[in-house]
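Secondary and tertiary structure notes
One-letter residues, chain by chain:
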Amino acid sequence: MNQIKLLQNVLLLSLFLAVPGSNDAAKPHIVFIVADDLGWNDVGWHNPDVKTPVLDQLAHEGVILNQSYVNYVCTPSRTSFMTGYFPYHVGSQHLVFRPDQPSAIPSNFTFLPEKLKELGYATHMVGKWHLGFCNWKFTPTYRGFDSYYGYYSGAEDYYTHYRSIGSEGGIDLHENKDAVTNQNGTYSTYLFAQRAADIVNQHDPNSPLFLYLPFQNVHAPLQVPKRFEDMYANVEDENRRKYLGMVSALDEAVGNVTMAMQKRGLWDNTLVIFTTDNGGMIIRSGNNYPLRGGKTTLWEGGTRGVAFAHGKMLQKTGYTNDEMIHAVDWFPTILAAAGGTADPGMDGLSQLDTIISGHPSPRTEFVYNIDDILPTVQGAIRVGDYKLIEGFAGIPDGWYPPPNMTGSPEPNSMNPIIGTWLFNLKDDPTEHHNLADTMPDKLKEMQAKLEDYRKTLAPAIHPKADPKSDPKNWGGAWSPGWC
């Protein structure tokens with residue numbers, strides 16, 4: 001029976017996957033869209049008050065991934081996407097790479113677009129990098145992308161494209177190797193959507209395309225054209241109103257890219273994967289209710305991300321999939337969709353069968369994070385239905401309803417919280433009931449598992465700031481060449 005099922009899957013996959021001797025045109029185009037700091041409660045399919053018609057349609061026509069996990073902040077998640085390894089195996093587990101730090105993902109890790117190029121793909125990136133840039137060899141066009149348009153770090157101004165840190169500051173918008181200095185005043189979301197559409201319009205339909213589209217929205221600073229903010233005139237809180245406008249601006253941008261795919265005749269053979277990089281940042285008006293916590297925490301609100309897959313090659317659609325997926329899985333999944341195979345030993349597991357046909361996930365456990373720099377030991381894992389957090393869980397802690405919601409619990413303290421927590425996420429997905437005291441045997445079992453994981457930890461890459469990074473040394477832009 002298993003052999004029959006396997007044969008059926010092979011036949012299904014052969015409809016759109018390349019096999020030896022097949023034409024490259026048979027391979028699917030792949031668009032990998034990453035939202036920045038998009039909260040669990042900040043999309044229309046979770047919250048009808050949020051206006052995301054494009055994303056809602058794509059999610060409902062495809063498969064909503066209800067147990068899709070990411071890392072707690074930007075750099076670790078992007079590490080997972082591009083390498084297929086847990087950040088604590090790479091050295092990027094501690095917070096994010098700052099633009100003044102000589103930090104980057106080591107060159108011995110092969111990035112996803114490098115593997116896709118070997119399979120005949122054109123590879124393009126538009127948007128946020130945040131994986132290191134102090135040396136050219138760490139930048140996108142040296143790590144597998146044919147072209148790059150975007151910014152190296154994070155938290156840029158959406159209009160001036162300027163990034164400040166301490167007393168340093170400069171432009172952080174780049175086209176391939178050149179700083180872009182003539183777009184002051186243009187909203188970055190417009191720039192990125194237009195560049196993505198241009199790539200699509202110029203692409204040869206007879207060759208496969210990989211488009212990595214990590215948008216700036218909805219990361220702070222809270223900036224958006226007034227027409228989007230006006231869509232939420234009924235929201236009293238100004239910051240929340242701007243944030244929701246930024247969500248809708250993201251939605252429109254995705255719509256413009258998908259429209260370009262359709263006009264170019266690529267859409268019917270396109271696999272779209274959409275995910276956030278971490279949960280919404282509560283102090284910047286993101287919302288993850290009813291999940292606990294948010295960005296910068298190991299609670300579910302920081303690590304359980306909104307995600308979906310869409311494409312006509314999907315065999316089962318229009319439903320919510322509850323199988324376990326982690327950010328490290330996107331590398332081998334995308335590679336499998338392109339007809340390739342990930343290297344043995346990679347942390348990521350291909351979820352292609354899960355996404356296409358709803359088959360059970362090959363994943364039964366994962367590491368939320370293991371940090372070796374924090375003042376106290378930190379680690380968190382999930383095994384089956386159980387989750388263990390030891391040490392610093394992150395702040396903020398609590399359950400934060402959106403501002404316009406009435407009769408909801410008040411937010412909890414913003415004070416750092418350290419301890420040991422054990423949850424059964426199947427019974428308690430909002431992490432209200434700590435089982436550490438009532439299930440000592442399960443706690444010991446989970447702690448032993450965490451210690452096994454900890455043995456393979458790579459030291460965190462977290463060097464001191466280097467004054468050579470100052471943009472005044474590089475023509476006023478954040479640029480490589482100083483490490």
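About the criteria used
- Residues numbered from 1 in each chain as written.
- Predicted model: local features only at pLDDT ≥ 70, side-chain atom pairs only at ≥ 80, totals over all residues.
- Heavy atoms only, no water.
- Helix = DSSP H or I, 4+ residues; strand = E, 2+ residues; numbered from the N terminus.
- Rg over C-alpha atoms; globule rule 2.2 N^0.38 Å.
- Buried < 20%, exposed > 50% of the residue type's maximum accessible area, 1.4 Å probe, protein only.
- Contact = heavy atoms within 4.5 Å.
- Areas by Shrake-Rupley, 256 points an atom, 1.4 Å probe, with all protein chains shown as cover.
- Lys, Arg positive; Asp, Glu negative; His and termini not counted.
- Charge placed at Lys NZ, Arg CZ, Asp CG, Glu CD.
- Core = buried A, V, L, I, M, F, W, Y, C linked by side-chain atoms within 4.5 Å.
- Pairing = 2+ DSSP bridges.
- Axes fitted to C-alpha atoms, helices over the stretch in contact; angles between N-to-C directions.
- Phe/Tyr/Trp six-rings, centres within 6.5 Å; stacked < 30°, edge-to-face > 60°.
- Lys NZ or Arg CZ within 6 Å of the ring centre and 35° of its normal.
- Parallel < 35°, antiparallel > 145°, perpendicular 65-115°, else oblique.
- Nonpolar A, V, L, I, M, F, W, Y, C, P; charged D, E, K, R; others polar.
- pLDDT = per-residue confidence, 0-100.
- Salt bridge = Lys/Arg side-chain N within 4 Å of Asp/Glu carboxyl O.
- Expected span 1.5 Å × (residues − 1).
- Arc of directions from axis to C-beta.

The next thing to look at is the overall build of the protein. The helix and strand tally for the protein stands at 12 helices and 19 strands. For 483 residues, the compact-globule estimate of 2.2 N^0.38 gives 23 Å, and the C-alpha radius of gyration of the protein, at 21 Å, lies within 12% of that figure. Counting only C-alpha atoms and orienting by the principal axes, one finds that the protein spans roughly 65 × 60 × 50 Å. Per-residue burial for the protein yields a buried fraction of 61% across its 483 residues. Within the protein, residue pairs in contact and separated by at least 24 positions form 72% of the contacts whose partners lie at least 6 positions apart. For the protein, the accessible surface area stands at approximately 18,400 Å², while carbon and sulfur atoms represent 51% of it. Side-chain charges of the protein comprise 38 positive and 52 negative groups, with the mean position of each set lying 2 Å from the other.

Let us now look at the nonpolar core. Within the largest apolar cluster, 56 residues are counted, with the highest numbers of intra-cluster contacts made by Leu38, Trp45 and Leu211. Counting residues per element, the ones that place at least two in this core are strand S1 (29-35), helix H2 (53-61), strand S5 (147-151), helix H6 (188-202), strand S10 (209-214), helix H8 (238-263) and strand S11 (270-276). Per element, the largest residue contribution to this core is 11 residues, and it comes from H8. In this structure, Trp45 is in contact with Leu55, Asp56, Ala59, His60, Ile64, Phe274, Val306, Ala307 and Phe308, ignoring residues within four places of it in sequence. Core analysis: the next-biggest nonpolar cluster, separate from the first, contains 52 residues, Met82, Val90, Phe109 and Ile334 among them.

Okay, the sheet that holds strand S14 (residues 319-321) next. Note: strands within a sheet are paired through backbone hydrogen bonds, in either parallel or antiparallel orientation. Spatially, the 10 strands line up as an open sheet ordered S9-S8-S5-S4-S10-S1-S11-S13-S2-S14, and their pairing is mixed. Edge positions in the sheet fall to strand S9 (178-179) and S14, since each of these pairs with one other strand and no more. Inspection of the sheet shows strand S8 (residues 174-175) paired to S9 by two bridges, in the antiparallel sense. Among the inter-strand pairings, His174 is bridged to a residue of S9, identified as Ala179. Where H2 meets the sheet, it contacts strand S2 (63-65), S11 and strand S13 (307-310), and its direction lies at approximately 70° from that of S13.

What follows covers the packing of aromatic side chains. The final tally for this structure, using the stated rule, is 25 aromatic pairs. Between the aromatic rings of Trp299 and Trp421, the centroid separation amounts to 5.1 Å while the plane-to-plane angle is 80°, which identifies the pairing as edge-to-face. With Trp299 in the loop between S11 and helix H9 (300-303) and Trp421 in strand S19 (residues 418-424), this pair connects stretches of sequence that are 122 residues apart. As far as the burial class goes, Trp299 and Trp421 line up, both buried. Ring-pair connections join several aromatic residues into one group, and the members of that group are Phe32, Phe81, Phe111, Trp129, Phe145, Phe210, Tyr212 and Trp330. Directly above the ring of Trp136 sits Lys177, whose terminal nitrogen or CZ lies 4.7 Å from the centroid.

This part takes up the sheet that holds strand S16 (residues 365-371). The strand order S16-S17-S18-S19 describes an open sheet built from four strands, whose pairing is antiparallel. Both edges of this open sheet fall to S16 and S19, since each of them pairs with a single strand only. The sheet shows a mean angle of 5° between the axes of neighbouring strands, taken without regard to direction. Pairing of strand S17 (residues 378-383) with strand S18 (residues 386-392) involves five bridges; the strand directions are antiparallel. Counterpart to Val383 in the pairing with S18 is Tyr386.

With that settled, consider the packing of H6 against H8. Two numbers describe how H6 lies on H8: the axes approach to 9 Å, and their chain directions differ by 10°. With respect to their mutual orientation, H6 and H8 come out roughly parallel. Across the interface between the two elements, Thr189, Tyr190, Ala193, Ala196, Ala197, Val200 and Asn201 from H6 touch Ala249, Leu250, Glu252, Ala253, Val257, Ala260 and Met261 from H8.

Taken N-terminus to C-terminus, the directions of H2 and H8 make an angle of 60°; their axes are 7 Å apart at the nearest point. The angle between H2 and H8 places the two elements in the oblique class. On H8, the residues touching Pro53, Val54, Leu55 and Leu58 of H2 are Asp251, Val254, Gly255 and Thr258. Looking at the contact of H2 with H8 residue by residue, the classes come out as five nonpolar, two polar and one charged.

This part is about the confidence of the model for the protein. Residues of the protein with pLDDT of at least 70 account for 92%, and the chain-wide mean is 93. A low-confidence stretch, residues 1-22 (pLDDT under 50), is modelled with 23 contacts involving residues beyond four sequence positions or located in other chains.

What follows covers the pattern of salt bridges. Applying the stated criterion across every chain yields a total of 24 salt bridges. Salt-bridge contacts for Glu175 lead to Arg195; the nearest nitrogen and oxygen are separated by 3.1 Å. Taken together, the residues Glu175 in strand S8 and Arg195 in helix H6 connect sequence positions 20 residues apart. Overlapping salt bridges bring together Asp36, Arg78, Lys128 and Asp277 as one network.

The next thing to look at is H6. The terminal C-alpha atoms of H6, which comprises 15 residues, lie 21 Å apart, in line with the 21 Å expected from a rise of 1.5 Å per residue. For H6, the set of buried residues is Ser188, Thr189, Leu191, Phe192, Ala193, Ala196, Ala197, Ile199 and Val200. Close packing links the buried residues of H6 with strand S4 (122-128), S5, S10 and H8.

What follows is about H2. Listing the buried residues of H2 in full gives Leu55, Asp56, Leu58 and Ala59. End-on, the buried residues of H2 take up no more than an arc of 165°, which puts them together on one face. On the buried face of H2, the contacting elements are S2, H8, S11 and S13.

Turning to the pairing of strand S6 (residues 162-165), a few remarks are in order. Judged by which residues are buried, S6 turns out to be one-sided: Arg163 and Ile165 face inward and are buried, whereas Tyr162 and Ser164, on the alternate face, are not. Counted along the chain from S6 to the antiparallel partner strand S7 (residues 168-171), the turn is two residues long, and its residue Gly166 has a positive phi close to 65°.

Keep in mind that most residues, glycine aside, have a negative phi and that most peptide bonds are trans. Asn217 connects to Val218 through a cis peptide bond whose omega is 10°. By the element assignment, Val218 lies in the loop between S10 and helix H7 (226-229). Here the bond from Ile395 into Pro396 is cis, since omega is 5°, no more than 30 degrees from zero. Relative to the helices and strands, Pro396 resides in the loop between S18 and S19. The phi dihedral of Leu95 is positive, around 55°, even though this residue is not glycine. For Leu95, the position within the fold is in the loop between helix H4 (87-90) and helix H5 (112-118). In this model, Ser285 sits at a positive phi of 80°, which is unusual for a non-glycine residue.

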